[in-house]
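# A structural walkthrough
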Amino acid sequence: MKMENLRQVQSHLIKEMLDMPSRDSNDIPWKVLVMDSFVQRLISPVLRVNDLREHGVTLHLLINDKKRDPIPEVPAIYFCQPSLENIDLIIEDVGKDLYSLLYLNFTTPISRQLLDRLAQGVGTKADRIVKIIDQYVGFECLEDNLFCLPNGEDQGDLFELMNSDDGDRVERYLDHQVMALQTVLVSMGGPAPVLVGVKGNPSETFVERVSVRVKNFLLSSKQDSLGPGLLASNDQLQRPVLMVLDRTVDLAGPLRHPSHYSALINDLFLFKHNRALIDQSDGKKITFNVDQSDPLWQRYASAPFPEAADAVDKALKAYLDEYNKVQSADIRVTVQALPQLTERKRLIDQHLAIGQAILDRIKERELGEYFAMERRVNVKEASKWLNNEQSPGTRQDKLRLYLIGLLQQHTGKNRKEWERECTPYLRTIDVKERAIIASVDAQHSYSLPTSTPVSPTQQQPAASEAFLSGLMGNVKTLVSGLQSQGAGSDRVICKHLDTLLNQLFAGNVNQQLAVLDPKPSGIQITSRSSISTLIVVVLGGVTREEYDALSTMYNNTNNTNQPSIRVIVGSTGDSLMTGEQMLRGLAR
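Here's a quick rundown of the structure. (Residues numbered from 1 in each chain as written. Predicted model: local features only at pLDDT ≥ 70, side-chain atom pairs only at ≥ 80, totals over all residues. Heavy atoms only, no water.)

Let's shift gears to the nonpolar core. Counting 61 residues, the largest nonpolar core has Ile265, Ile358, Tyr402, Leu403 and Trp418 as the members making the most contacts within it. Look past the residues within four positions of Ile358 in its chain and what remains in contact with it is Tyr261, Leu264, Ile265, Leu268, Phe269 and Phe305. Grouped together as the second largest cluster of nonpolar side chains are 51 residues, Val57, Val186, Met188 and Phe217 included. (Core = buried A, V, L, I, M, F, W, Y, C linked by side-chain atoms within 4.5 Å. Buried < 20%, exposed > 50% of the residue type's maximum accessible area, 1.4 Å probe, protein only. Contact = heavy atoms within 4.5 Å.)

Here it is as structure tokens:
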């Protein structure tokens, strides 16, 4: 089976694992899946309950559920992290004879110490354990080519650790993230990638540790590659490249309010593991689970919100037209068409409710004004808004705007002018907000290009009008005018990536780049045509709109001199970066 993207790879690996007992014996049609909470989060974006049933899983349970009943006649597939707690729970299950046979699968390689503990713990019942397998799937795949490297317990995030004096904690964080990234690379297979970081930067340390892990894997497996899979290629003149970037290259990116449909959901609501909890204006909450088969989500998740809203409105009208036709058709045609129409209506209603909830937030907080000011930081205009205590928006909205202005005007006379003009606002901030501002000041590696001032005669219609113009149907939201400024290759992180790649092509390795090759092949990365796949990992997290921009920035199919490159994007942390997460990280 040919894999087209990372999500398919992870889904295939998990399904292969679920089919393991059936492959061992045709007499085992059913099995139990026992997992920890980490795996529960990991599989939810790639598998649905129906997928589990199709692969013979009749029951799925959490490993720490003490109320699990014995099912001795059924084999159990364990899928969990190789932690001390999980090993002890497995030993306890074997002792209680909960299941007839156990297939133990770990997200990352299990240590010799834990293996010895397991062997000693199960004692004479060791024959109950059929297999122990390192699955190398310790990452969460949110989109086709987007993965997250979840933080371990009590590890904090990159910003907290950068200011930490706890060396052991930093070591645990690095080891956990590097191990998780190794599982991504092994899952994708193919030749080991060329690893690229920036010298004197956290990314340099990161790629050094990744290189050691990849080398050790190749030595222990006695292979020349990471195995078959997504990155396997017949082209002997190409190599995958792993480029590690640092979030501090652009602190302003996550602070800006987004304009894309999925990015707005991520920014305005609790959205983790492809599940969003939407607060509606009537106080009710709805749960939105991303369905990759949903045509509206597939096509418009990365589109500007007005475009997505317009598409939902058209989908509703098309549904009503088809529904009316079916109602007047033969009864057999009606019966056959109703299930499909019912599912279409469910998805449309879901998007209508989400669209209305987004619109309510935009109108209540006047996010259109923030969207405009954050993309053309005019000192007089923005400071006037901040200094007016009656200006709409939450305290976070205002702090995000102030920090963007601070980053924009971060040197010399411009900075002093910004602070002077915002003096009334600064008198209103609390201790936590002051600490966040100090934390931004402590970051020395950020860069934000100065935007070209917009004169009154050159200005487009007010962004708030563009953001809120045009109501239609029940969704009636933001239909025309809003364009994603600073999108695509204009984003700072995209420009930074392009600059580093050009340095790599030019051979500026010793001066600025840390380039490591775990398995030298003689292939020189001198141009885009030398790269089979580009894996971009952002230490500190990537936003949804940055993922959209990074994943498509090298899709240049019209220029024969600039071949397309498949880009796979990785983000550290349990979810994509948002403005709220950025503030929370800076506050620590």
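Below, the discussion takes up the sheet that holds strand S2 (residues 57–62). The sheet built from 5 strands is open, its strands ordered S2-S1-S3-S4-S5 with parallel pairing. Of all the strands in the sheet, just S2 and strand S5 (129–134) have a single pairing partner and so form its edges. Across the sheet, the axes of successive neighbouring strands diverge by a mean angle of 15 degrees, strand direction being ignored. Taken strand by strand, helix H1 (residues 6–18) contacts strand S1 (31–35), S2, strand S3 (76–80) and strand S4 (102–106), and its axis lies near 145 degrees from that of S3. (Pairing = 2+ DSSP bridges. Helix = DSSP H or I, 4+ residues; strand = E, 2+ residues; numbered from the N terminus. Axes fitted to C-alpha atoms, helices over the stretch in contact; angles between N-to-C directions.)

What follows deals with the packing of aromatic side chains. Tallied over the entire structure, the rule returns 10 aromatic pairs. Ring geometry for Tyr78 versus Tyr99: centroids 6.1 Å apart, planes at 75 degrees, classification edge-to-face. Of this pair, Tyr78 sits in strand S3 while Tyr99 sits in the loop between helix H5 (84–95) and S4, placing them 21 residues apart in sequence. We note that Tyr78, like Tyr99, is buried. The structure contains a cluster of three or more aromatic residues connected by ring pairs, namely Tyr261, Phe288, Trp297 and Phe305. (Phe/Tyr/Trp six-rings, centres within 6.5 Å; stacked < 30°, edge-to-face > 60°.)

For the structure shown, the criterion picks out 3 cavities of 30 Å³ or more. By volume, the largest cavity amounts to about 150 Å³. Contributing to the lining of the largest cavity are 17 residues, with Gly253, Pro254, Arg256, Pro258 and Thr543 lying nearest its centre. Elements supplying a minimum of two residues to the lining of the largest cavity: helix H10 (252–255), helix H11 (261–268) and helix H23 (544–552). Per element, the largest residue contribution to the lining of the largest cavity is 3 residues, and it comes from H11. Considered as a void within the structure, the second largest cavity measures approximately 110 Å³ in volume. Along its surface, the second largest cavity is lined by Leu142, Glu143, Ser262, Asn266, Phe271, Lys272, His273, Asn274, Trp297, Arg544, Ser575 and Leu576. Of all the secondary-structure elements, those providing two or more residues to the lining of the second largest cavity are strand S6 (140–143), H11 and strand S10 (270–272). The residue inventory of the lining of the second largest cavity, partitioned by class, reads 4 nonpolar, 5 polar and 3 charged. (1 Å grid on protein atoms, 1.4 Å probe; cavity = no way out; pocket = protein on both sides within 12 Å on 5 of 7 lines; lining within 4 Å. Points joined across faces, edges and corners; volume = space filled by probe spheres on them. Nonpolar A, V, L, I, M, F, W, Y, C, P; charged D, E, K, R; others polar.)

Right, let's talk about the pattern of salt bridges for a bit. This structure, assessed with the given rule, holds 33 salt bridges. Close ionic contact of Lys317 with Asp313 constitutes a salt bridge, the shortest N to O distance being 3.4 Å. Here Asp313 and Lys317 lie together in helix H13 (residues 305–327), a separation of 4 residues that amounts to about one turn. A salt bridge links Arg376 to Glu381; its shortest N-O distance comes to 3.4 Å. By relative accessible area, which is 29% here, Glu381 ends up partly exposed. (Salt bridge = Lys/Arg side-chain N within 4 Å of Asp/Glu carboxyl O.)

Right, let's talk about unusual backbone geometry for a bit. Phi angles above zero are rare outside glycine, and Lys222 is one such case at about 55 degrees. Within the element layout of this structure, Lys222 appears in the loop between helix H9 (202–221) and strand S9 (239–246). Residue Lys222 is classed as exposed on the basis of its relative accessible area, which comes to 78%. Even without a glycine there, the phi angle at Glu366 is positive, about 50 degrees. Within the fold, Glu366 resides in the loop between helix H14 (331–365) and helix H15 (367–375).

Okay, the environment of Leu185 next. In this fold, Leu185 is placed in helix H8 (residues 167–188). For Leu185, a relative accessible area of 1% puts it in the buried group. Excluding residues within four positions of it along the chain, Leu185 makes contact with Pro193, Val210, Val214, Leu226 and Ile535.

Before going further, it helps to spend a moment on the packing of H13 against H14. At a minimum axis distance of 9 Å, the contact between H13 and H14 shows a crossing angle of 150 degrees. Looking at the two axes, H13 sits roughly antiparallel to H14. Judged by the sense of rotation from one axis to the other, the crossing of H13 with H14 is left-handed. Contacts between H13 and H14 involve Phe305, Val312, Ala315, Leu316, Ala318, Tyr319, Glu322, Tyr323, Val326 and Gln327 on the former and, on the latter, Thr334, Ala337, Leu338, Leu341, Arg344, Lys345, Ile348, His351, Leu352, Gly355, Ile358 and Ile362. A per-class count over the contact of H13 with H14 returns 15 nonpolar, 4 polar and 3 charged. (Parallel < 35°, antiparallel > 145°, perpendicular 65-115°, else oblique. Left-handed = near helix turned anticlockwise from the far one by under 90°.)

Moving on: H15. In an α-helix, one turn spans 3.6 residues; hence positions three or four apart end up facing the same way. Taking burial as the measure, the 9 residues of H15 include 9 buried ones, the bulk of the element. Burial in H15 covers these residues: Leu367, Gly368, Glu369, Tyr370, Phe371, Ala372, Met373, Glu374 and Arg375.

Bringing H5 into the picture now. In this model, H5 (12 residues) spans 17 Å end to end at C-alpha, consistent with the 16 Å of a helix rising 1.5 Å per residue. Among the residues making up H5, those that are buried are Asn86, Ile87, Leu89, Ile90, Ile91, Asp93 and Val94. Buried residues along H5 sit in contact with S3, S4 and helix H6 (112–122). Once H5 finishes, Asp97 follows within two positions and takes phi at roughly 55 degrees, a positive value. (Expected span 1.5 Å × (residues − 1).)

So, about the side chain of Glu546. Looking at the element boundaries, Glu546 is found in helix H23. Setting aside residues no more than four positions away along its own chain, Glu546 makes contact with Arg247, Asp250, Gly253, Arg491 and Ile493.

It is worth spelling out the pairing of strand S7 (residues 146–149) at this point. Neither face of S7 is left uncovered, since the one carrying Leu146 and Cys148 and the one carrying Phe147 and Leu149 both have all their residues buried. When S6 meets S7, the two strands line up antiparallel, connected through 3 bridges. Within S7, the position partnered with Cys141 by the bridge is Phe147. Across 4 bridges, the pairing between S7 and strand S15 (residues 566–572) is parallel. Following the sheet pairing, Leu149 is matched in S15 by Thr572.

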